[in-house]
Amino acid sequence: MKRKIEITSVLEDYVARSLRRAGIKKVIAGVSGGADSTALLLALQSSGVEVIAIHCNFHLRGDESMRDQHAVESLCHRNGVLLKKVDFDVEAFRENKNISIEMACRDLRYDVFRKELHDSGADRIAVAHNADDNVETLFLNLFRGSGVTGLRGMLPDTGELIRPLLCFPRKEIEAYLSEKGEEYVVDSTNLVSDYRRNFLRNEIIPLIETRWPGVRKTISTTIKNLQGEERVLKWVQDELIAEADFLSMQSIFDAPDRFWLIYRFASAHGATRDIALEIFDVFEKKGGQQTIVGKSWKSGQGRLVFSMKGLNYMA
């Protein structure tokens, strides 16, 4: 009985503290019916904040999609939570945007969340990512060639999204639901390794654990360390890039890593890594010249400026 009290109280107390610290009184919660989102809904309700649940039905799994919807309807009804249901034609949206099904579902889901956030005047969108999800995110970004910003994973609070369960591994979330006597549904597609995240979850990380037991916990510690590094780098960036619209050539010459500074400056305004690489390559070759011009940028008068349409750069 003691263990039961510990798991439930630790998770619910942590969620409540996170919401209080952020000044949150009303949230939009995405609820799929799976373990993570079910635990999120229960923990949010236990904290005393006002919750509006949204269930997105993408109609991609036949009867299973309706099973999930009915499970969420029952969950919200039993707990007195307002539920809004949204149906999507994913295939039509995907073909129109020329993106994957996975990305289409994500875009549709967050568009609905953001609209409800605006319309309802809620403080945040609460999503149910957990510590294991963050480990997978680190691997995905590592394989893409990301820097510290990608490797530090998802943040617990972005100002728009809050992830109250981000520090809890899946096993603890399932234990919490067991103690609460709450059932949840299992998405059968999560058991198939066709998607990259599922491949990591089902095959790669379990294989790594056979050689390095407890590796999820140590990687979670690495993520926390990288988040601290990212905060320091952001502080350095703000100190070095004092002006919003230009970067002095002298700052670039003095920087210990010139590409890092150029990339941080460019990406802060929405420019891509390729543009930053172009700037860096040309700068390294012609940096001593008075004026340098690229495809979508230029430098002159001792500073780097941009002529990209739509970017907030000095032209």
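Above this text sits the structure in question.
If you're wondering where the values come from, they're calculated on a predicted model, not measured in any experiment.

The rules behind the values
Residues numbered from 1 in each chain as written. Predicted model: local features only at pLDDT ≥ 70, side-chain atom pairs only at ≥ 80, totals over all residues. Heavy atoms only, no water. Pairing = 2+ DSSP bridges. Helix = DSSP H or I, 4+ residues; strand = E, 2+ residues; numbered from the N terminus. Buried < 20%, exposed > 50% of the residue type's maximum accessible area, 1.4 Å probe, protein only. Polar contact = N/O pair within 3.5 Å; in protein donor to acceptor, adjacent residues only side chain to side chain. Contact = heavy atoms within 4.5 Å. Axes fitted to C-alpha atoms, helices over the stretch in contact; angles between N-to-C directions. Parallel < 35°, antiparallel > 145°, perpendicular 65-115°, else oblique. Nonpolar A, V, L, I, M, F, W, Y, C, P; charged D, E, K, R; others polar. Core = buried A, V, L, I, M, F, W, Y, C linked by side-chain atoms within 4.5 Å. Phe/Tyr/Trp six-rings, centres within 6.5 Å; stacked < 30°, edge-to-face > 60°. Lys NZ or Arg CZ within 6 Å of the ring centre and 35° of its normal.

Visitor: Describe the sheet that holds strand E5 (residues 161-162), with residues and values.
Guide: Overall, parallel pairing links the five strands, which are arranged E3-E2-E1-E4-E5 in an open sheet. Each edge of the open sheet carries a strand with a single partner, namely strand E3 (82-87) and E5. Examined bridge by bridge, strand E1 (residues 26-30) and strand E4 (residues 124-126) share three bridges and lie parallel to one another. Note on E4: the bridge partner recorded for Val27 is Arg124.

Visitor: Account for unusual backbone geometry, with residues named and values stated.
Guide: Not every positive phi belongs to a glycine, and His59 is a case in point at roughly 55°. Position of His59 among the secondary structure elements: in the loop between strand E2 (50-57) and helix H3 (63-79). Its identity as a non-glycine residue notwithstanding, Asn98 has a phi of 60°, on the positive side. You can call Asn98 exposed: its relative accessible area is 71%.

Visitor: Account for the side chain of Arg124, with residues named and values stated.
Guide: Among the structural elements, Arg124 can be located in strand E4. Exposure remark for Arg124: the relative accessible area of 13% places this residue in the buried category. Only 2.9 Å separates the side chain of Arg124 from the side chain of Asp157, close enough to count as a polar contact. If sequence neighbours within four positions are ignored, Arg124 has contacts with Ala22, Ile24, Lys26, Val27, Ile28, Leu117, Asp157, Gly159, Glu160, Leu161 and Ile162.

Visitor: So what's going on with the packing of helix H6 (residues 131-143) against helix H9 (residues 196-211)? Residues and values would help.
Guide: How two helices sit against one another is set out by the angle between their axes and by the gap between those axes. It is the contact of H6 with H9, at a shortest axis distance of 10 Å, that shows an interaxial angle of 100°. Considering the angle they form, H6 stands roughly perpendicular to H9. Contacts between H6 and H9 involve Asp133, Val135, Glu136, Thr137, Phe139, Leu140 and Phe143 from the first element and Arg196, Arg197, Leu200, Arg201, Ile205 and Ile208 from the second. For the contact of H6 with H9, a count of residues per class yields seven nonpolar, one polar and five charged.

Visitor: Describe the nonpolar core, and please don't skip the residues or the numbers.
Guide: Most often, soluble globular proteins have nonpolar side chains that are buried together. Counting residues in hydrophobic clusters, the biggest one holds 31 residues, and the most contacted among them are Leu41, Leu44, Val51, Leu165 and Tyr176. Mapped by element, the contributors of at least two residues to this core are helix H1 (2-21), E1, helix H2 (35-47), E2, H3 and helix H8 (170-180). Per element, the largest residue contribution to this core is seven residues, and it comes from H2. The residues contacting Leu165, other than those within four sequence positions of it, are Leu11, Val15, Asp36, Ala39, Leu40, His129, Asn130, Ala131 and Ile173. Judged by nonpolar contacts, the second largest core, of 19 residues, contains Val90, Phe93, Leu108 and Leu161.

Visitor: Describe the packing of aromatic side chains, with residues and values.
Guide: For the structure on display, the rule yields six aromatic pairs. A centroid spacing of 5.7 Å and a plane angle of 5° characterise the contact between Phe259 and Tyr263, whose relative ring orientation is stacked. Residue Phe259 and its partner Tyr263 are located together in helix H12 (residues 258-267), separated by four residues, close to a single helical turn. Overall, the relative accessible area of 15% leaves Phe259 in the buried class. Every member of this aromatic cluster is reached through a ring pair, and the members are Phe259, Tyr263 and Phe280. We note Arg273 situated over the ring of Tyr263; from NZ or CZ to the ring centre the distance is 5.3 Å.

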